[in-house]
Amino acid sequence: MRVVIQKGYEEMCAWTAQYIAQAIRAKEPGASFVLGLPTGSSPLGVYRRLIEMNKAGEVSFRDVVTFNMDEYLGLSSEHEQSYHRFMWTRFFEHIDIPGENVNILDGMAQDPEAECAAYEQAILDAGGIDLFLGGIGVDGHVAFNEPFTSLGSRTGVRTLTSDTRIANARFFGGDPEQVPGRALSVGVGTVCDAREVVVLISGYNKARALAATVEGGVSQMWTCSALQLHPNAVIACDEAACGELKVDTYRYFLDVEKDQRL
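Residues numbered from 1 in each chain as written. Predicted model: local features only at pLDDT ≥ 70, side-chain atom pairs only at ≥ 80, totals over all residues. Heavy atoms only, no water.

Colleague: I keep staring at the side chain of N101 and nothing clicks. Help me out?
Modeller: Relative to the helices and strands, N101 is located in the loop between α3 (83-90) and β5 (102-103). A relative accessible area of 15% places N101 in the buried class. (Helix = DSSP H or I, 4+ residues; strand = E, 2+ residues; numbered from the N terminus. Buried < 20%, exposed > 50% of the residue type's maximum accessible area, 1.4 Å probe, protein only.)

Now the structure itself:
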């Protein structure tokens, strides 16, 4: 596992955007690059940077195929808080990605389990995820894989905890009861099947989750800890998120990354 520590949120996002752009550019000409993407506050700075790079001609998304992590169950793609709308207004409509290359779970699916099975198959048909970008919650959940979700889980229906609904209430007028109680989400196993995983962790409130990801044991209590078993996992974090790391851990990762560019 790599842990790349940046001074602040903007620096973390700039580094991550450059890392993703480099991976896309390294793909063979004409070959698709399959990119897994999250929603939430954490990736917004990365998306802004990638939009700027796209408009400057530094990276193209014409041959990129995307799969989003999750969607609220019961929200249509037109709902202002759906992840369909989030992704299009904040990222996709500002870059040169073909619409048919975008894959997002359907929160209005008549058969949610069939929708999730088809999504897993679509990822396989695309050749698997090359790079999965993600964030984690304060309790270490990846996508909507709350604590005690199986580390081998696949895409499926998830029940959201009260803590997650409270955390997301800021998008629903501050009322946790307005946050849907269930969602469709890729599994921990789905994320870890990606050839590379890059997870964003920023802010003081994520310090315990970062420590559990890096220093704790592998446990379904902290689904983020599954990244310890991944051969190509990268944690991009800021100084504020490092408050719970042991001093020697912090110094170690600064030392091993000091001569790395990306």
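Colleague: Hey, could you run me through the sheet that holds strand β10 (residues 233-238) in this one?
Modeller: The strands that make up a sheet are held in pairs by hydrogen bonds between backbone atoms, and each pair lies either parallel or antiparallel. Taken in spatial order, the 7 strands line up as β1-β10-β9-β6-β2-β3-β5 in an open sheet, and their pairing is parallel. Both edges of this open sheet fall to β1 (2-6) and β5, since each of them pairs with a single strand only. (Pairing = 2+ DSSP bridges.)

Colleague: Hey, could you run me through the pattern of salt bridges in this one?
Modeller: Oppositely charged side chains can form a pair if their charged atoms are brought close together. Tallied over the entire structure, the rule returns 9 salt bridges. As a salt-bridge pair, K27 and D130 come within 3.2 Å of each other at their nearest N and O atoms. Taken as a pair, K27 in the loop between α1 (9-26) and β2 (33-37) and D130 in the loop between α4 (112-125) and β6 (131-135) lie far apart in primary sequence, 103 residues in all. K27 gets classed as partly exposed once you look at its relative accessible area, which sits at 29%. (Salt bridge = Lys/Arg side-chain N within 4 Å of Asp/Glu carboxyl O.)

Colleague: What is the right way to look at the sheet that holds strand β7 (residues 156-159) in this model?
Modeller: Pairing within the open sheet is antiparallel, and its 3 strands lie in the order β4-β8-β7. Whereas interior strands pair on both sides, the edge strands pair on one side only; in this sheet they are β4 (70-72) and β7. Adjacent strand axes in the sheet meet at a mean angle of 30 degrees when their direction is disregarded. Pairing of β4 with strand β8 (residues 182-185) involves 3 bridges; the strand directions are antiparallel. Residue pairing across strands places D70 opposite S185, the latter belonging to β8. Here α4 sits on the sheet and contacts β7 and β8; the angle it forms with β7, its principal contact strand, is near 120 degrees. (Axes fitted to C-alpha atoms, helices over the stretch in contact; angles between N-to-C directions. Contact = heavy atoms within 4.5 Å.)

Colleague: Even after reading the chapter, I still don't get the environment of A21, so can you show me in this structure?
Modeller: Note on placement: A21 falls in helix α1. Given a relative accessible area of 0%, A21 falls into the buried group. Sequence separation between A21 and E177 is 156 residues; the distance between their C-alpha atoms is 39 Å. Look past the residues within four positions of A21 in its chain and what remains in contact with it is M53 and V59.

Colleague: What is the right way to read the nonpolar core from this model?
Modeller: The tendency in soluble globular proteins is for nonpolar side chains to be buried as a group. The biggest cluster of nonpolar side chains holds 44 residues, and the ones touching the most others in it are F61, F91, F92, L131 and L133. The biggest single contributor to this core is α1, with 9 residues. With sequence-adjacent residues up to four places away left out, F61 is seen in contact with I24, L50, N54, F91, I95, D96, I97 and P98. In terms of nonpolar packing, the next biggest core, distinct from the first, is built from 38 residues, V65, A211, A241 and C242 among them. (Core = buried A, V, L, I, M, F, W, Y, C linked by side-chain atoms within 4.5 Å.)

Colleague: What exactly am I supposed to notice about helix α7 (residues 207-214) here?
Modeller: Since one α-helical turn is 3.6 residues long, residues separated by three or four positions face the same way. Of all 8 residues in α7, 7 are buried; the element is thus mostly enclosed. When α7 is considered as a whole, its buried residues turn out to be A207, A209, L210, A211, A212, T213 and V214. Looking at the buried positions of α7, the neighbouring elements they touch are β1, β9 (197-201), β10 and α8 (247-257).

Colleague: Explain unusual backbone geometry to me, please; I cannot follow it from the model alone.
Modeller: A negative phi angle is the norm for most residues apart from glycine, just as the trans form is the norm for most peptide bonds. Of note in the backbone geometry, A143 takes a positive phi value of approximately 55 degrees without being a glycine. By the secondary structure assignment, A143 is in the loop between β6 and β7. On the basis of relative accessible area, A143 is assigned to the buried category, the value being 9%. In this structure, F148 is a non-glycine residue whose phi angle is positive, near 80 degrees. You can see F148 is positioned in the loop between β6 and β7.

Colleague: It is not clear to me how the environment of R90 should be interpreted in this structure. Could you clarify?
Modeller: Examined against the element boundaries, R90 turns out to sit in helix α3. R90 sits in the partly exposed class, given a relative accessible area of 39%. Remark: the alpha-carbon pair of R90 and Y47, spanning 43 residues in sequence, is separated by 7.4 Å. Those residues in contact with R90 that lie beyond four places of it in its chain are L44, Y47 and I51. Of note is the side chain of R90, whose polar atom sits 3.5 Å from the side chain of T89. (Polar contact = N/O pair within 3.5 Å; in protein donor to acceptor, adjacent residues only side chain to side chain.)

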